Amino acid sequence: MNVTVKFLGAARSVTGSRYLLTVGKFRMLFDCGLFQGLKELRVRNWDEFPVDPSTLDAIVISHAHIDHSGYLPKLMREGFGGQIYCTPPTAELMKIMLLDSAKLQEEEAAFAKRKGYSRHNDPQPLYTSADAELVFPMIRTVGYGERLSIHPSVSICYHDAGHLLGSAITEVFIKGESQTKKIIFSGDLGRQNDAMLRPPKRLTEADVLFIESTYGVKDNPATDPLLDLERVVKTARERNGVLLIPAFAVGRTQTLLYYLHNLIEAGRIPDIPV
């Protein structure tokens, strides 16, 4: 059986994660992310999708971050009609995040029209809240360790990736005439020691491994953030100042709140409004 993988994103950039896996006549998209960041990346979201979305049979999502799931509403609008597989927490987070992403797209288009800085007379959002709503009925959830057949020749199994609530390492089992081969997509991986999440599941066998390498060229040492956070909060307090911490709302903010709570409970920082 002929098996191919084509990289449609997250190559030469860290956003827009999309991998097209073709097994015979079966087409599966692993992740369906938006390109984010610099303008030259963001404009790629408007490009015609490299394959006809109606020819895709399934989409497997590793986790809810927008650079892994945020392109789903546009793909739905352009003709995708298959099932979308993810873990239960990912499904719940995507319902919040895709609607939020759509709202931002709509607000940006309205602002561009009002200010007249778009080259289009009537700038449109990449997708709308109505487009996002179409995604949700197509979602099918799969728990960790649960092997699910998504095609007579293809099954998947999720394992904890420790990156975000519901994030998953995905085993893809491909059944041939005489043997079964296993491809692993790591998705984004978390640390071995996280304050709130379990460490990534250790998998020991694979025929092909696709692994994220966002921090593959730099040291990412494990440090104690409580010491730094305690010092910064106390410094701001001594100056009678306000501490403003930019942080992603999904994941990082929860961790920050958890650390601040622990510091307050331990009496290491004053019980001040957060």
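As shown above, the structure is provided for reference.
Not measured: the values here are computed from a predicted model.

Rules used in this analysis
- Residues numbered from 1 in each chain as written.
- Predicted model: local features only at pLDDT ≥ 70, side-chain atom pairs only at ≥ 80, totals over all residues.
- Heavy atoms only, no water.
- Pairing = 2+ DSSP bridges.
- Helix = DSSP H or I, 4+ residues; strand = E, 2+ residues; numbered from the N terminus.
- Axes fitted to C-alpha atoms, helices over the stretch in contact; angles between N-to-C directions.
- Contact = heavy atoms within 4.5 Å.
- Phe/Tyr/Trp six-rings, centres within 6.5 Å; stacked < 30°, edge-to-face > 60°.
- Buried < 20%, exposed > 50% of the residue type's maximum accessible area, 1.4 Å probe, protein only.
- Lys NZ or Arg CZ within 6 Å of the ring centre and 35° of its normal.
- Parallel < 35°, antiparallel > 145°, perpendicular 65-115°, else oblique.
- Nonpolar A, V, L, I, M, F, W, Y, C, P; charged D, E, K, R; others polar.
- Salt bridge = Lys/Arg side-chain N within 4 Å of Asp/Glu carboxyl O.

> Could you give me a rundown of the sheet that holds strand β3 (residues 26-30), with the residues and numbers involved?
Ordered by their spatial adjacency, six strands build an open sheet running β1-β2-β3-β4-β5-β6, and the pairing between neighbours is mixed. At either end of the open sheet lies a strand with only one pairing partner, and these are β1 (3-7) and β6 (139-141). Neighbour-to-neighbour, the strand axes of the sheet open up by a mean angle of 25°, direction not taken into account. Here strand β5 (residues 83-86) runs beside β6; their pairing, made up of three bridges, is parallel. Each residue of the ladder has a partner; that of C86, found in β6, is T141.

> Which residues make up the side chain of S167, and what values do they have?
With respect to the helices, strands and loops of the structure, S167 is situated in the loop between β8 (154-160) and β9 (168-175). If we skip the residues at most four places from it in the chain, S167 touches S62, H63, T90, Y144, H159, D160, A161 and G162.

> An account of the packing of aromatic side chains is needed here, citing residue identities and associated values.
Overall, the coordinates contain eight aromatic pairs when judged by the stated rule. Between the aromatic rings of Y19 and F30, the centroid separation amounts to 6.1 Å while the plane-to-plane angle is 5°, which identifies the pairing as stacked. With Y19 in strand β2 (residues 19-23) and F30 in strand β3, this pair connects stretches of sequence that are 11 residues apart. Note on accessibility: Y19 and F30 belong to one class, buried. Between Y19 and F185 the ring centres are 5.9 Å apart and the planes differ by 15°, which places this aromatic pair in the stacked class. Placement of the pair is Y19 in strand β2 and F185 in strand β10 (residues 180-185), with a sequence separation of 166 residues. Members of the aromatic cluster, each reached through a chain of ring pairs, are F7, Y19, F30, F185 and F210. Note that R147 overlies the ring of F173, its terminal NZ or CZ placed 3.7 Å from the centroid.

> I'd like a description of the packing of helix α6 (residues 225-238) against helix α7 (residues 252-265), backed by residues and values.
The N-to-C vectors of α6 and α7 enclose an angle of 75°; their axes lie 10 Å apart at closest approach. Here α7 runs roughly perpendicular to α6, going by the angle between their axes. For the pair α6 and α7, the contacting residues are P225, L226, L229, E230 and V233 in the first and L256, Y259, L260 and L263 in the second. A class-by-class count of the residues in the contact of α6 with α7 yields eight nonpolar, no polar and one charged.

> How would you sum up the sheet that holds β9? Please name residues and give values.
Spatially, the five strands line up as an open sheet ordered β7-β8-β9-β10-β11, and their pairing is mixed. Strand pairing shows two members of the sheet lacking a second neighbour, β7 (148-151) and β11 (208-210), which therefore form its edges. Each strand of the sheet is rotated relative to its neighbour by a mean of 25°, with strand direction disregarded. For β7 and β8, the ladder comprises three bridges, and the chain directions are antiparallel. Opposite S149, over in β8, you have S155 as the bridge partner.

> Account for the pattern of salt bridges, naming residues and giving values.
One side chain can pair with another of opposite charge once the charged atoms of both are near each other. The final tally for this structure, using the stated rule, is 11 salt bridges. In this structure, K103 engages E107 in a salt bridge whose closest nitrogen and oxygen atoms are separated by 2.6 Å. Of the two residues, K103 and E107 both sit in helix α4 (residues 88-115), four residues apart, roughly one turn of that helix. For K103, a relative accessible area of 45% corresponds to the partly exposed category. Residue E230 is joined to R268 by a salt bridge in which the shortest nitrogen-to-oxygen separation is 2.9 Å. Taken together, the residues span a long stretch of sequence, with E230 in helix α6 and R268 in the segment after α7 at a distance of 38 residues. Residue classification places E230 among the buried residues on the basis of a relative accessible area of 14%. The exposure class of R268 is partly exposed, given its relative accessible area of 27%. Overlapping salt bridges, with partners in common, bring together E230, K234 and R268 in one network.

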